[in-house]
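# Coordinate analysis (summary)
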Amino acid sequence: MILPASTPTHPGTVAAHYDTLDRYYRELWGEHVHHGLWERGDETPEEAVVALVHLVAEMAALDPGDRVCDVGCGYGGTARILAGAYGVRVEGVTVSPEQYRRALAHEREARGGGVLTRPAVRYHLRDWMETRLPRETFHAVVAVESMTHMPSLQGAVDRIWRVLRPGGRFVACVWLAREGVGAPARKHLLEPICREGRLTGLPTAREFRRTLVRAGFAPGVVATDLSRYVRRTWSVTVARGLRRLVSDREARRFLLDPEQPDRIFAATMVRIWLAFHTGAMRYGIFTATRPPGSGTHTPS
């Protein structure tokens, strides 16, 4: 596990990071604050981010009427696609007040500005580690790039196991470190990425799989390396970021303000681009199933 080599990240710093950078995240990524999936290579960035959501849905094997939990739902982009395209009911959890506010506003706008009544998507402003969702409620739980923000990876996965119904699936898109990554890449790329991106750490694929099995998921965890299909995200992001700096005086002022601790994220984007293109950083999608006959014990 690659750690940030500084003060440990906690939910408050994660929320502050996303709230402070809210405008820039939305300008760079829109309503989907996650990687795109370029399978053909000629997709637009907007098509690519939606393609990743559909892959998550495919791996989750969703049926109409299923209950789904989106852990780290951000602005609700993934949750809205799952509800609209697959006919499922989604509960999204975010730790960011700004993301929560915008997710609710989007739902109201979609319903003509009226009060939401029994919506297909519900949002919770909560730290996942303190969210009190009923046991064995969901047919599927998805986590698109949120697991590495958790203060305890094992604790977060244990909670996911508990809220899944027996036979339910957990699908996670996870930022990863390459097995056996060298010391220079650790020091100059991965540790700063963790610190500046408010990540609690970067596990290897083997470590994340072991976390799933330890939580009680069936041993047959399916793991797929998507690194070559998602890394273009950062070429697009860096290019958009540079254009924004040239044209936006406020963005330049933000980056030059020593009182803004998150201004370093501009450099982090370049680090992530380099980490993917050198192979130090990987990107995996994992599918794990809670055994159909599993009881209600708390996994260890």
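First, a word on what this report is: a plain description of the structure on this page. (Residues numbered from 1 in each chain as written. Predicted model: local features only at pLDDT ≥ 70, side-chain atom pairs only at ≥ 80, totals over all residues. Heavy atoms only, no water.)

### Quick look at helix α7 (residues 183-196)
Note the threshold: Helix and strand assignments come from DSSP, with helices taken as H or I runs of at least 4 residues and strands as E runs of at least 2, each series counted from the N terminus. Multiply 1.5 Å by the residue count of a helix minus one, and that product is the helix's expected span.
The first and last C-alpha atoms of α7 sit 18 Å apart over 14 residues, in line with the 20 Å expected at 1.5 Å per residue. The positive-phi residue at the C-terminal boundary of α7 is R198, with phi of around 60°.

### Focus on the pattern of salt bridges
Rules: Put simply, a salt bridge is a Lys or Arg side-chain nitrogen that is within 4 Å of an Asp or Glu carboxyl oxygen.
Scanning the entire structure with this criterion turns up 13 salt bridges. Here R80 and E31 are joined by a salt bridge, their closest N and O atoms 2.5 Å apart. Here E31 lies in the loop between α2 (22-29) and α3 (45-60) and R80 lies in helix α4 (residues 77-86), a separation of 49 residues in the sequence. Across the salt bridge formed by E179 and R206, the nearest N and O atoms sit 3.9 Å from each other. Remark: R206 occurs in helix α8 (residues 205-215) and E179 occurs in the loop between β5 (164-177) and α7; sequence separation between them is 27 residues. Taken together, the shared-partner salt bridges in this structure form one network comprising E31, R80 and E107.

### Side note on the sheet that holds strand β6 (residues 222-225)
Stated formally: Two strands qualify as a pair provided that DSSP identifies no fewer than 2 bridges between them. Axis definition: a line fitted to C-alpha atoms, limited for helices to the stretch in contact. Angles are taken between N-to-C directions and run from 0 to 180 degrees.
Spatially, the seven strands line up as an open sheet ordered β3-β2-β1-β4-β5-β7-β6, and their pairing is mixed. Edge positions in the sheet fall to β3 (121-125) and β6, since each of these pairs with one other strand and no more. Ignoring strand direction, the axes of neighbouring strands in this sheet form an average angle of 15°. As paired strands, strand β2 (residues 89-94) and β3 are joined by five bridges and run parallel to one another. Its bridge partner lying in β3, G92 is registered against Y123.

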